[in-house]
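What follows is the residue order along each chain.
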Amino acid sequence: MRRAPPSIRESLRPLPSPKKFQAQTTREALVILCTALLLRSFRRLAALEKIYAAALISTSEVAAKSLQQKIETALKFGKPLGRFTGMDRLLADGLEFSPEITGAGVADRDGWILYHTDPARVGQRLPAPPFLHASSAAGATRRSGEVYITTMPLRRQAHDPVGLLHITFSRSPLQSRLKNMALQTLGDLV
């Protein structure tokens with residue numbers, strides 16, 4: 001047995017009341033607005049992280065360049081890299097250049113650490129001898145886990161690398177500032 005098609009009156013649903021429609025529309029608009037604001041905030045935080053990391057890298061490289069010049073001046077006068085007096089104080093001064101810098105050290109050509117602001121690191125070997133990489137010719141900063149490492153070659157002559165200066169700084173100050181900003185933004189939004 002076939003059913004008769006519903007009449008027009010039966011197929012029309014009742015329209016919601018104007019107040020209910022307005023409330024539903026307002027809720028949906030607020031959800032869309034909040035979602036857009038959150039996405040925009042996260043994009044800005046990501047951009048800020050890149051800018052702030054670049055600033056920290058630049059600061060680290062300036063500190064490394066300053067230390068490199070001081071050490072290379074002594075090397076050019078014939079001082080052997082393994083027989084520096086006052087190197088510990090020189091490296092400690094490099095830490096004072098910026099509060100984000102957490103460590104500084106000097107390694108020989110083979111990667112053995114000769115001097116370091118953390119005495120426990122002296123005598124250890126750097127994970128990968130940096131002289132094998134072409135990018136280390138002028139110095140470079142790379143990220144290794146939660147730490148940034150700036151390396152600068154130490155030369156007696158123009159093409160005679162005898163050692164390596166390395167400066168480290170942690171990502172944690174960057175992450176904590178971004179976390180605080182994200183929480184502040186979220187709190188303002190709520």
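Our structure is the block above this text.
Small disclaimer: the values here were computed from a predicted structure and weren't measured. (Residues numbered from 1 in each chain as written. Predicted model: local features only at pLDDT ≥ 70, side-chain atom pairs only at ≥ 80, totals over all residues. Heavy atoms only, no water.)

1. Overview of the overall build of the chain
- When helices and strands are tallied, the chain shows four helices and five strands.
- Traced from its N-terminal end to its C-terminal end, the chain shows the element sequence α-α-α-β-β-β-β-β-α.
- A separation of at least 24 residues holds for 55% of the contacts in the chain among residues at least 6 apart in sequence.
- On the chain, roughly 13,100 Å² of surface is accessible, and the fraction owed to carbon and sulfur atoms is 60%. (Helix = DSSP H or I, 4+ residues; strand = E, 2+ residues; numbered from the N terminus. Contact = heavy atoms within 4.5 Å. Areas by Shrake-Rupley, 256 points an atom, 1.4 Å probe, with all protein chains shown as cover.)

2. Thoughts on the nonpolar core
- With 20 residues, the main nonpolar core has Ile 71, Leu 81, Phe 84, Met 87, Leu 91, Val 106 and Leu 165 as its most contacted residues.
- Where this core is concerned, the elements lending two or more residues are α2 (18–76), α3 (87–95), β1 (101–108), β4 (147–155) and β5 (161–170).
- A per-element tally of this core places α2 first, with six residues.
- Formed by eight residues, the second largest nonpolar core is a distinct cluster that contains Leu 56, Tyr 148, Leu 174 and Leu 178. (Core = buried A, V, L, I, M, F, W, Y, C linked by side-chain atoms within 4.5 Å. Buried < 20%, exposed > 50% of the residue type's maximum accessible area, 1.4 Å probe, protein only.)

3. Structural notes on the pattern of salt bridges
- Under the definition given, this model contains two salt bridges.
- Between Asp 93 and Arg 89 there is a salt bridge, and its shortest N-O distance comes to 2.8 Å. Taken together, the residues span about one helical turn, with Asp 93 and Arg 89 both in helix α3 at a distance of four residues.
- Relative accessible area serves as the criterion here: at 48%, Arg 89 is assigned to the partly exposed category.
- The salt bridge involving Glu 96 is made with Arg 89; its shortest N-O contact spans 3.7 Å.
- Via salt bridges that share partners, Arg 89, Asp 93 and Glu 96 belong to a single interconnected network. (Salt bridge = Lys/Arg side-chain N within 4 Å of Asp/Glu carboxyl O.)

4. Details of α3
- Buried within α3 we find Met 87, Leu 90, Leu 91 and Gly 94. Down the axis of α3, the sector holding all buried residues measures 95°, keeping them to one side.
- Residues of α3 that are buried in the fold lie against α2, β1, β2 (113–116) and β5. (Arc of directions from axis to C-beta.)

5. A few points about the pairing of strand β3 (residues 140–144)
- The pairing of β3 with β4 spans five bridges and is antiparallel. Bridge pairing in β4 places Ala 140 opposite Thr 151.
- Between β3 and β4, which follow one another and run antiparallel, lie two residues, and Gly 145 among them has a positive phi close to 70°. (Pairing = 2+ DSSP bridges.)

6. Details of the packing of α2 against α3
- One way to put it is that α2 packs onto α3 with a least axis distance of 10 Å and a crossing angle of 160°. As judged from the angle between their axes, α2 and α3 are roughly antiparallel. Note on packing geometry: the crossing formed by α2 with α3 is right-handed. Residues Ala 63, Leu 67, Lys 70 and Ile 71 of α2 form the contact with α3, whose own contacting residues are Met 87, Leu 90, Leu 91 and Gly 94. (Axes fitted to C-alpha atoms, helices over the stretch in contact; angles between N-to-C directions. Parallel < 35°, antiparallel > 145°, perpendicular 65-115°, else oblique. Left-handed = near helix turned anticlockwise from the far one by under 90°.)

7. Observations concerning the pairing of β5
- Judged by how many residues are buried, β5 sits mostly within the fold: ten of ten residues are covered.
- Alignment of β1 against β5, held across seven bridges, turns out to be antiparallel. Looking at β5, one finds that Gly 105 is bridged to His 166.
- Hairpin connection of β4 to β5: five residues between the antiparallel strands.

8. Brief notes about the side chain of Asp 108
- On the secondary structure map, Asp 108 appears in strand β1.
- In this structure, Asp 108 is buried with no salt-bridge partner, the nearest side chain bearing the opposite charge being Arg 125 at 6.4 Å. (Lys, Arg positive; Asp, Glu negative; His and termini not counted.)

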